[in-house]
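# Analysis of the macromolecular model
Each chain is listed here by its residues.
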Amino acid sequence: MTFAAGPRRAPEGPPAQRRRSPLVITLIVLAAIVVALFLLAEFWTEVLWFTQLGYQEVLWTEWGVRAGLFVAGFLIMGAAIFASLSIAYRSRPIYAPSTPEQATLDQYREAVEPLRKVVTWGAPVVIGFFAGTAASGQWQNVLLAVNQVSFDQNDPIFGMDLSFFVFTLPILRFSVGFFMAIVIVAGIGALATHYLYGGLRIGGSNDAGPRTTKAARVQLAVLGALLLVGIALNYWLDRYSLLTAQGTKFDGASYTDVNAVMPAKAILAVVALVVAVLFVVAAVRGTWRLPAIGVGLMVVSAIVIGGIYPAIVQRFQVDPNAQELESEYIQRNIDSTTLAFGLDKVETQQYDAATEAEAGALREDAETTAQIRLLDPQIVSPTFRQLQQNKQYYNFDETLAVDRYQIDGEKQDSVVAVRELNLAGLGDDQRNWVNDHTVFTHGFGMVAAYGNQTGPDGRPAFFEGDIPAEGALTDMGEGYEPRVYFSPQAPEYSIVGAPDESNPWELDFPDDEAGGQVNSTFGAEDGAVAGPDIGSFGSKLLYALKFGSGDILFSDRVTEESQIIYDRDPRSRVQKIAPYLTLDQRVYPAVVDGRIKYVVEGYTTTDQYPYSAQRALDEAVADSLTSSGSASIQAIAPEEINYIRNSVKATVDAYDGSVDLYAWEPEDPMLQAWQGVFPEAVKPMSEISGDLMDHLRYPEDLFKVQRSLLTAYHVTDASDFFSGQDFWQNPEDPTDTSGSGALQPPYYLTLQMPDQTEPTFSLTSSFIPGGNTDREILTGFLAVDAEAGSEDGKRSEDYGKLRLLELPRNATVPGPGQVQNNFDSNSTIASELNILSRGNSEVIHGNLLTLPVGGGLLYVQPVYVQSSQGTQYPLLRKVLVSFGDEVGFADTLDEALNQVFGGDSGADAGDAGGETESEVDDAPLDGTDTDTGTGTGTETEEPTAEPTETSTATEEPSPEPSTPGTFDDPQAALDQALTEAAQAMQDADEALSSGDWAAYGDAQDALDEALQTAIDAESQLSGS
């Protein structure tokens, strides 16, 4: 008996193929369709967006060049790898040498062989994809190289036009690097294939035969020769790149670079070419000895010629004589940096600043004094919300903008803000797709207040605001359009427009007389277009996929007349249209020709300008304002630059989203090169209207970069620059309470510099000594003429002129930090502010402004008081002033100036006439308190504190102070007074909320009396 199985029956015919499941096939097909639809949605909606704006040329050019470069990079890299692998496999030996090494490799060959075709085709595809992506990223460099324009300046070493370094060199360096990457990857593939299949042997004795087959030797030798050619080209290009290299003392080629490194690079390039020839010889002669010797010689040459020799020159020739030998190269760096960053427009003058405040000192600066800004745009946003927000679904930016407007025939520095739509202000029961995307579609109007005046009780004095919009800006001309569909805080997308016969459903503005609100339909009156049409089924489907919303596809409010608006942030909008520009962090609004427009500053930059100083753009523009996280300030991606021009001024219409780019620096070679790429994208300056010109200003980021450079490059003599003893730094913001050490931001002010005949709108900053010192005295003051003019298409001749006041080195003018310390340590000021900050009140120090008036430097700081909890909105209560060592502290700037300047400053400040009534009604937020993260509620547990009557606060208090009262128990009197003050503040807040101004005045009188009693009681306690 046997239990062995019988023989199996041979199958008849070919084996049956395994059938694939129809479900799997269906799922694969559906997945492919879904992926294709999503890709189509992203692709075609971009086409629709650019076409609607009229910038389709930008999209097609970018995509076309990117696609072409991707295909070229993919094919070149893929073909090279495929060819290398194929040649190596086809030229493998039929019979591999019988050695232990080959016996081990037989196992790997058996394992790899089934996957050989996958690797042969898959590796080129995968690596080619990454190579194509890298090549695609060079689209801007390629377009610049093809359309390059001469700088009409030659470098000092090679005598070549700077366009070679800026436009040609970057693409040459990429090409050489790409070529070397191809050779290296192809070489690795060939090497591995030859080794695996016996064409290359590493171990064993020489008796087993040659270590490489002829085919392997030829292929590897040719690849080695090509790699060395790439290395030679790289060495040669390194000579040019030395002119933009970063050094420890200065940037650009140094003495050692020019006299040792450059010759060494040239020699090493020749050596590499010689060794490349030796590899070719090896391919013919069949021995690796010569190329091996050549490689060894090249390594030794690189160490000795490229490393040791320059080090010897630096250590024994340059270091002992650095100031003399480096002087020529430092001067090149100074000159190039000055040109590359526009510092050639700096006019430097010595300013022997007075430190003694004399009566009548401001008489010659009366116009400047009258325009000193009291309203701090970084602080008053909550106040704008409380007084002009109107509804919880509106909002203002955290940091407001400073602009100037012609009011009653006189230009006024103004603080302005756009009433933007803020869906986060709606309650949860109001949030649904219909409301979010078809009802609440836009903000409404601009709000503007005088910068140099205050309203009742320290509120802003508004000359434009309310809903419907009214005021000076509305009245400037006919056809004012207050609707704001595009703004930094606008929702992701809105669908606007409707059939003519339908009732409007877009909320226009709230109106009690119209039953609560007035509705409108975008474009119903003027046929405006703000976004792509979304009426067809195909468009609905694409946008439903893009935004992941089926409501777009099924809502009855998406009609044939509908438009979809998205990408609504002005800065992002301009960046898409002009991807070649670096944009300023800040955008600011202005009413121009009856429309609210956002202005966006565009820069052309490079890091390839010979001998110019390199700067990290994100670090150069950082200050206390950028670190505050304002919605209107967006981060700049890390970028090293050594050349910058404000080449383009862009505007975005807040109503229809139209974008206009204007050539602001038409002579800039980089802009001219881009105009060669996109000839229709940028309009000439001649098309800028006079009204728009009146609101263009000098950009902040450019000024920040320039002031950071001027800390060192105000020194124009090479020897003095080398010593560095006169370097400066920008002061830290003395009002920054975060402890981050952030720099003080520059401030827009209207002022008159010593060499000017009249005040101009300027951007200003100050300097203190550099180095490791805590002695903060003022060393310099910088102001740039920020006023562009008011004529059509004509820029002011003085626009952009940088005026630098250098203070004598032995001067002791206090810097911002010292001045703030003087304010904080003054006993009279501290006592009164401490009283104001007791209980539920909080004192906020505003921006510390610096002005060169009265023959010296005047500091002005507004002081705000707000509730420490509940509803918080700061009101201007006091003004601090400093000149030299004199300090003033009063309810108004005019009084504080008189205190400092011997009772008569000689000029009237903007608030000399007392409180200025707002020209528009307040529109405080109504309804219940909605927590939107902005503190815009209406309920408050403790009201804002009200300060005392005007008091004199100097280092030596003014004569004849008020006689403090006498109390049997001063501590009890103080406690009682503070209790009465708290009650008076609560009464004042309730009266303010209800609009009962008579009761509000009575409460203020009671508060003043209580605070005066508290001051007297504390004085008695201090003297006891």
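These remarks concern the structure in this document. Predicted, not measured: the structure shown is a model, and the values here were computed from it. (Residues numbered from 1 in each chain as written. Predicted model: local features only at pLDDT ≥ 70, side-chain atom pairs only at ≥ 80, totals over all residues. Heavy atoms only, no water.)

## What about the overall build of the protein chain?
Selection rule: In this text, helices come from DSSP runs of H or I with a minimum length of four residues, and strands from runs of E with a minimum of two, each type numbered from the N-terminal end. The rule is simple: take the accessible area with a 1.4 Å probe, protein chains only, and divide by the maximum for that residue type; under 20% is buried, over 50% is exposed, in between is partly exposed. In what follows, a contact means two residues having at least one pair of non-hydrogen atoms within 4.5 Å. Using a 1.4 Å probe, the Shrake-Rupley method yields the accessible areas, and only the shown protein chains count as cover for residues.
Check the secondary structure of the protein chain and you find 26 helices and 30 strands. Buried positions account for 54% of the 1024 residues belonging to the protein chain. In the protein chain, once contacts between residues fewer than 6 apart in sequence are set aside, the share between residues at least 24 apart is 72%. Surface exposure of the protein chain reaches about 44,100 Å², of which carbon and sulfur atoms provide 53%.

## Topic: the sheet that holds strand β16 (residues 595–606)
Stated precisely, the cut-off is as follows: Pairs of strands are assigned from DSSP output, requiring at least two bridges between the strands. The axes used here are C-alpha line fits, helices contributing only the stretch in contact, and every angle between their N-to-C directions lies in the interval 0 to 180 degrees.
In space, the 4 strands of this open sheet follow the order β15-β16-β19-β20, with antiparallel pairing throughout. Each of the sheet's edge strands pairs with one partner strand only, and the pair in question is β15 (582–592) and β20 (659–663). Pairs of neighbouring strands in the sheet enclose a mean axial angle of 25°, with direction left out of account. Pairing between β16 and strand β19 (residues 643–653): 9 bridges, direction antiparallel. In the sheet register, Tyr598 faces β19, and the bridge partner there is Val652.

## Remarks on the nonpolar core
What counts here: Side-chain atoms within 4.5 Å are what join buried Ala, Val, Leu, Ile, Met, Phe, Trp, Tyr and Cys residues into a set we call a nonpolar core.
Core analysis: the largest hydrophobic core is formed by 140 residues, its most contacted members being Tyr55, Met446, Ile552, Tyr580, Leu661 and Leu696. Considering each element in turn, this core owes the most residues, 8 residues, to helix α6 (residues 162–196). If near-sequence neighbours (up to four positions away) are discounted, Met446 is found in contact with Tyr405, Val416, Ala417, Val418, Glu464, Gly465, Leu473, Tyr480, Pro589, Ala590, Val591 and Ile596. Counting residues in hydrophobic clusters, the runner-up holds 70 residues, among them Leu374, Val380, Ile829 and Ala907.

## Structural notes on the packing of aromatic side chains
Using the following cut-off: What counts as a ring pair is set by centres within 6.5 Å for rings of Phe, Tyr and Trp (its six-membered ring), and what kind of pair is set by the plane angle: stacked under 30 degrees, edge-to-face over 60, tilted for all other angles. Whether a charge lies above a ring is judged from NZ of Lys or CZ of Arg, which has to be within 6 Å of the ring centre and within 35 degrees of the ring normal.
Within the structure shown, the criterion is met by 44 aromatic pairs. Look at Phe444 and Phe509: their rings are 5.2 Å apart centre to centre, the planes differ by 55°, and that puts the pair in the tilted class. Highlighted residues: Phe444 in strand β6 (residues 443–444) and Phe509 in strand β12 (residues 506–511), separated in sequence by 65 residues. Taken together, Phe43, Trp44, Trp60 and Trp63 form an aromatic cluster joined through their ring pairs. Here Arg795 stacks its cationic end above the ring of Trp664, 5.0 Å away from the centre of that ring. Positioned over the ring face of Phe889 is Lys878, at 5.5 Å from the centre of the ring.

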